[in-house]
Amino acid sequence: MKRIIMHIDVNNAFLSWTAVLYLKQGSKIDIRNTYAVIGGDEKARHGIVLAKSMPAKKRGVVTAETLFSAKKKCPNLKVYPPNYNFYKKMSDSMLNLIRKYSPDIEQMSIDECFLDYTPVKHLYGDEIEFAYNLKKEIYDTLGFTVNIGIGNNKLCAKMASDFSKPYKVHTLFEDEVEKKMWPLKVDDLFGIGKKTAIKLHNLNINTIYDLAHTDGKFLYKYFKNQAIDMIDAANGKGSDIVVSEESIPKGIGNETTLSHNISTREELEPYLLALSENVAIRIRKQKKYASVVVVTLKDKFFKRMSHQKKLVNATNLTEEIYKTACEILSEMNVEDGIRLIGVRLDKLSDTSSHQVSLFEDIKVREGNNELEKTVDELKEKYGFKVIKKASLIDSKVGKKYLNK
Ligand SMILES: [Mg+2]
């Protein structure tokens, strides 16, 4: 059965929410209608534009440019600080409002979520009418506008919510992909970063139609494992499983905010190693094994992305967790700048329930496990500095991490 998935996306979230905050505090001015931007912390984040009002946009102000350059374009520009606590409150209020209608909600980032409408359609009727009512209810009760995209999977719903803004409902059902999505530039396809788009244009792949009709083997040469996902996406194929928070088993995770944005895998890998080591030690302490490794990234626009991999055999070994995390990272887009990275272990069990595998030497594995246990014990006894894995010593970050 075809599912009906909605993507609900706050229009210009940081600026709208700041406007709501000031109006709540009694301000007579709605900053959405003035030359206004939300500017990051001038010192730590080099003073960049996080969000801009429509009037500022019309003056040529763009997201992620420096405040200095924005003020040159628009001398009357007012800069307002972000208020993440209030944003979180607004985000929670919106999710709670949507949750009245269905528990099947997956939050994608602070200002957007997916809703699986399929199981509740018989209760609320036509999805388009429902979407119009929902966006009105959000505006009437919370004071900000959203776009709602409707499709048969998450990718299409997400693409649809982006079509034109603000305060719109769009559909992109399977049979509309050809007409509504294929004419768009590849740059507009969800998951395609700026650098990837440039590479595609260099291969003369310019529209989503072009990408949808590109040979997988040809594209693999340039994009490795990402190639097939890209072609699938261009054909409007994607997951239709909305993973609500309640259905996620609590795992063991750790994440770290980077001091500057990083846009290469090579630079991110040492962080992955340090994080893998951290979660591996914790899981070994609990005498548990994980069969799923999750890598989470947050990009410079605070968008969270999580990819996961299921292991053939549950593990608690740093090396295996790290290796898997690197495989996951190799399939994720980091080119546009990453500001946070995390590793989580899920589907925890009490045994490794090893199946005999032709490709694995169990004795080596168990030897390795004993070694890791000894390492952990020594670390506890003598401190972290005593035992350093060769691989960690090789990396600058690993060194810094171990010397803490
Ligand atoms: Mg948004």
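Refer to the preceding data block for the structure.
Residues numbered from 1 in each chain as written. Predicted model: local features only at pLDDT ≥ 70, side-chain atom pairs only at ≥ 80, totals over all residues. Heavy atoms only, no water.

### Thoughts on the coordination of the magnesium ion
For the magnesium ion, every protein donor is listed as D9 (OD), V10 (O) and D111 (OD), and the spread of their distances is 2.1 to 2.5 Å. Every donor residue of the magnesium ion comes from the same chain, spaced as D-V-x100-D. Taken together, the positions of V10 in strand β1 (residues 5-10) and D111 in the loop between β5 (105-109) and β6 (112-116) put the pair 101 residues apart, joining distant regions of the chain. Residue classification places V10 among the buried residues on the basis of a relative accessible area of 3%. The buried category is assigned to D111, whose relative accessible area is 14%. (Donors = N, O, S within 2.8 Å, 3.2 Å for Na, K, Ca; no water. Helix = DSSP H or I, 4+ residues; strand = E, 2+ residues; numbered from the N terminus. Buried < 20%, exposed > 50% of the residue type's maximum accessible area, 1.4 Å probe, protein only.)

### Looking at the packing of helix α1 (residues 13-24) against helix α4 (residues 84-99)
Two elements in contact, α1 and α4, have axes separated by 10 Å at closest approach and are oriented at 95 degrees. Relative to α4, the element α1 lies roughly perpendicular. Side by side, α1 and α4 meet where F14, W17, T18, V20, L21 and K24 of the first sit next to Y84, F86, Y87, M90 and S91 of the second. (Axes fitted to C-alpha atoms, helices over the stretch in contact; angles between N-to-C directions. Parallel < 35°, antiparallel > 145°, perpendicular 65-115°, else oblique. Contact = heavy atoms within 4.5 Å.)

### Things to note about the sheet that holds strand β3 (residues 49-52)
Pairing in this open sheet of three strands is mixed, and the strands run β3-β2-β4 from one edge to the other. Every interior strand has two partners, whereas the edge strands, β3 and β4 (78-80), have only one. When the angles between neighbouring strand axes are averaged without regard to direction, this sheet yields 35 degrees. Pairing of strand β2 (residues 36-39) with β3, which is carried by three bridges, proceeds in the antiparallel orientation. Bridge pairing in β3 places G39 opposite V49. Against the sheet, α1 makes contact with β2, β3 and β4, and its axis sits at roughly 105 degrees relative to β2, the strand it touches most. (Pairing = 2+ DSSP bridges.)

### Notes on the environment of H7
Relative to the elements of secondary structure, H7 occurs in strand β1. Judged by its relative accessible area of 0%, H7 falls in the buried class. In the structure, H7 is positioned 147 residues away from K154 in sequence and 7.2 Å away in space, judged by C-alpha atoms. In this structure, H7 is in contact with M108, E112, C113, F114, N147, I148, G149, A157, K158 and S161, ignoring residues within four places of it in sequence. A polar contact is formed between the side chain of H7 and the side chain of E112, at a distance of 2.7 Å. (Polar contact = N/O pair within 3.5 Å; in protein donor to acceptor, adjacent residues only side chain to side chain.)

### Things to note about the pattern of salt bridges
In the structure shown here, the tally under the stated rule is 17 salt bridges. The partner of K100 in a salt bridge is E137, and the shortest N-O contact between them spans 2.5 Å. Here K100 is found in the loop between α4 and β5, whereas its partner E137 is found in helix α6 (residues 127-142), with 37 residues between them in sequence. Judged by relative accessible area, K100 falls into the exposed class, the value being 53%. Note that E335 and K199 form a salt bridge whose closest N and O atoms lie 3.8 Å from each other. Note that E335 is positioned in the loop between α14 (318-330) and β12 (338-349) and K199 in helix α9 (residues 194-202), a separation of 136 residues in sequence. Judged by its relative accessible area of 37%, K199 is partly exposed. One network of salt bridges, in which partners are shared, links K309, E327 and E331. (Salt bridge = Lys/Arg side-chain N within 4 Å of Asp/Glu carboxyl O.)

### Quick word on the sheet that holds strand β11 (residues 304-315)
The antiparallel open sheet is built from four strands, whose spatial order is β9-β12-β10-β11. For this open sheet the edge positions go to β9 (252-262) and β11, each flanked by a neighbour on one side alone. On average, each strand axis in the sheet is inclined to that of its neighbour by 15 degrees, with strand direction left out of account. In the packing of helix α13 (residues 265-285) onto the sheet, contacts are made with β9, β10 (289-299), β11 and β12, and the angle to β9 comes to roughly 160 degrees. Relative to β11, α14 is tilted by about 140 degrees, and along the sheet it contacts β10, β11 and β12.

### Describing the pairing of β6
For β6, the buried fraction is high: five of the five residues fall into the buried class. Where burial is concerned, the two faces of β6 agree: the one with E112, F114 and D116 and the one with C113 and L115 are both buried. The sheet contact formed by β5 and β6 spans four bridges and is antiparallel. Across the sheet, E106 pairs through a bridge with F114, a residue of β6. Adjacent in sequence and paired antiparallel, β5 and β6 are bridged by two residues.

### A word on the nonpolar core
Within the largest apolar cluster, 42 residues are counted, with the highest numbers of intra-cluster contacts made by I8, I138 and F144. Looking at this core, the elements that each hand over two or more residues are β1, α1, β2, β3, α4, β6, α6 and β7 (146-151). Not counting chain neighbours up to four residues away, the residues in contact with I8 comprise M94, I98, D111, E112, C113, L115, L134, I138, V146, N147 and I148. Core analysis: the next-biggest nonpolar cluster, separate from the first, contains 28 residues, L258, L268, Y271 and I321 among them. (Core = buried A, V, L, I, M, F, W, Y, C linked by side-chain atoms within 4.5 Å.)

### Observations concerning α6
Spanning 16 residues, α6 covers 22 Å between terminal C-alpha atoms, matching the ideal 22 Å at 1.5 Å per step. The complete set of buried residues in α6 reads E127, F130, A131, L134, K135, E137, I138 and L142. For α6, the arc enclosing every buried residue in end-on projection is 160 degrees, short of the 170-degree limit, so these residues lie on one face. α6 presents E129 and N133 as exposed residues on the side facing more than 90 degrees away from its buried surface. Where α6 ends, the next residue or the one after it, G143, has phi of about 90 degrees, a positive value. (Expected span 1.5 Å × (residues − 1). Arc of directions from axis to C-beta.)

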